[in-house]
Amino acid sequence: MNKILISVAALCMLVSCGNSGTATEKTDKAMTVEEVIMSRRSIRKYKPQPVEREKMEKIALCGINAPNGQNKQSWEIRITDNPEFISAITDAYLKIYPEAAQDSNFVNIFRNAPTVAFIANDTAYELSQIDCGLLGGNMVLMAHAMGIGSCCLGSPVRFLKSAEGMPFLKELGFSQGYNLLYAIGFGYPDEEPAAKPRSMDKVKFL
Ligand SMILES: Cc1cc2nc3c(=O)[nH]c(=O)nc-3n(C[C@H](O)[C@H](O)[C@H](O)COP(=O)(O)O)c2cc1C
């Protein structure tokens, strides 16, 4: 276990090199796994620049190293940092739900993230949704360790599966039999939200 902590800490130290800004200050020194988990929060306000592709590759690599049933790797991931694609989806959404843009922080329907990962599960495998959840867990934690904010997103998926969103879903090009499950927005945080309360009452020992 110590070995794991040390190697994650070393990785955190490595990936924090070159980062700057408020949300990344805590990554200037290595965080333990516990610190990474406990300090991650969903981010909905970002600096405009997308996450560098090599960093997204590292985040995706950590995602696909999640435990998964029978190592079927029953997921597919599509990542976009294309502002035109993100704007086109947002514009189509706003035609139906114009009130969404009333939020003074509104930039796009992915909770303003400049980089978005879309995650689809293999519908032929009954545990694939769990695989995809664990994949995303790894991704958001690794991102946080690198000073990159994230927010898991269910609501844009509903739109992408509607008639108006379908052309964009097709552009994502998931394989036959894969179902878009959720998205994760990524970017450099421009806010530091407080933790939402959690209840240990959900946990019982027998
Ligand atoms: C499957 C899933 C779907 C979510 N969908 C949305 C969403 O559509 N919009 C949003 O703002 N946050 C969304 N969230 C983020 C949650 O609101 C957030 O994780 C939760 O409130 C706990 O806050 P924390 O992540 O800061 O600890 C989603 C999270 C998960 C895991």
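Residues numbered from 1 in each chain as written. Predicted model: local features only at pLDDT ≥ 70, side-chain atom pairs only at ≥ 80, totals over all residues. Heavy atoms only, no water.

## Regarding the side chain of asparagine 121
Here's step 1: Residue placement: asparagine 121 occurs in strand β2 (residues 115-122).
Here's step 2: Asparagine 121 sits in the buried class, given a relative accessible area of 4%.
Here's step 3: Residues within four places of asparagine 121 in sequence aside, it is in contact with Ser74, Ser128, Gln129, Cys132, Gly177, Tyr178, Asn179 and Leu181. (Helix = DSSP H or I, 4+ residues; strand = E, 2+ residues; numbered from the N terminus. Buried < 20%, exposed > 50% of the residue type's maximum accessible area, 1.4 Å probe, protein only. Contact = heavy atoms within 4.5 Å.)

## Some remarks on the site of the ligand
Here's step 1: Neighbouring residues of the ligand: Arg40, Arg41, Ser42, Arg44, Arg111, Cys151, Cys152, Leu153, Gly154, Ser155, Lys196 and Arg198.
Here's step 2: Within the side chain of serine 42, one N or O atom sits 2.6 Å away from an oxygen atom of the ligand.
Here's step 3: Among the elements that line the shell around the ligand, the one with the most residues is strand β3 (residues 149-153), at three residues.
Here's step 4: Taken together, the residues of the shell around the ligand sort by class into three nonpolar, three polar and six charged. (Near = heavy atom within 4 Å. Polar contact = N/O pair within 3.5 Å; in protein donor to acceptor, adjacent residues only side chain to side chain. Nonpolar A, V, L, I, M, F, W, Y, C, P; charged D, E, K, R; others polar.)

## Considerations on the pattern of salt bridges
Here's step 1: Enumeration according to the criterion identifies three salt bridges in this entry.
Here's step 2: A salt bridge links lysine 55 to glutamate 52, with the shortest nitrogen-to-oxygen separation between them at 3.9 Å.
Here's step 3: Among the residues examined, lysine 55 registers a relative accessible area of 16% and is labelled buried.
Here's step 4: The partly exposed category is assigned to glutamate 52, whose relative accessible area is 32%.
Here's step 5: Across the salt bridge formed by arginine 78 and glutamate 76, the nearest N and O atoms sit 3.0 Å from each other. (Salt bridge = Lys/Arg side-chain N within 4 Å of Asp/Glu carboxyl O.)

## Examining the pairing of β2
Here's step 1: When you tally the buried positions in β2, you get eight out of eight residues, the bulk of the element.
Here's step 2: In the sheet, strand β1 (residues 75-80) pairs with β2 via six bridges, with the strands oriented antiparallel. Its bridge partner being in β2, isoleucine 77 is matched across the sheet by isoleucine 119.
Here's step 3: For β2 and strand β4 (residues 178-187), the ladder comprises eight bridges, and the chain directions are antiparallel. Bridge pairing in β4 places asparagine 121 opposite asparagine 179. (Pairing = 2+ DSSP bridges.)

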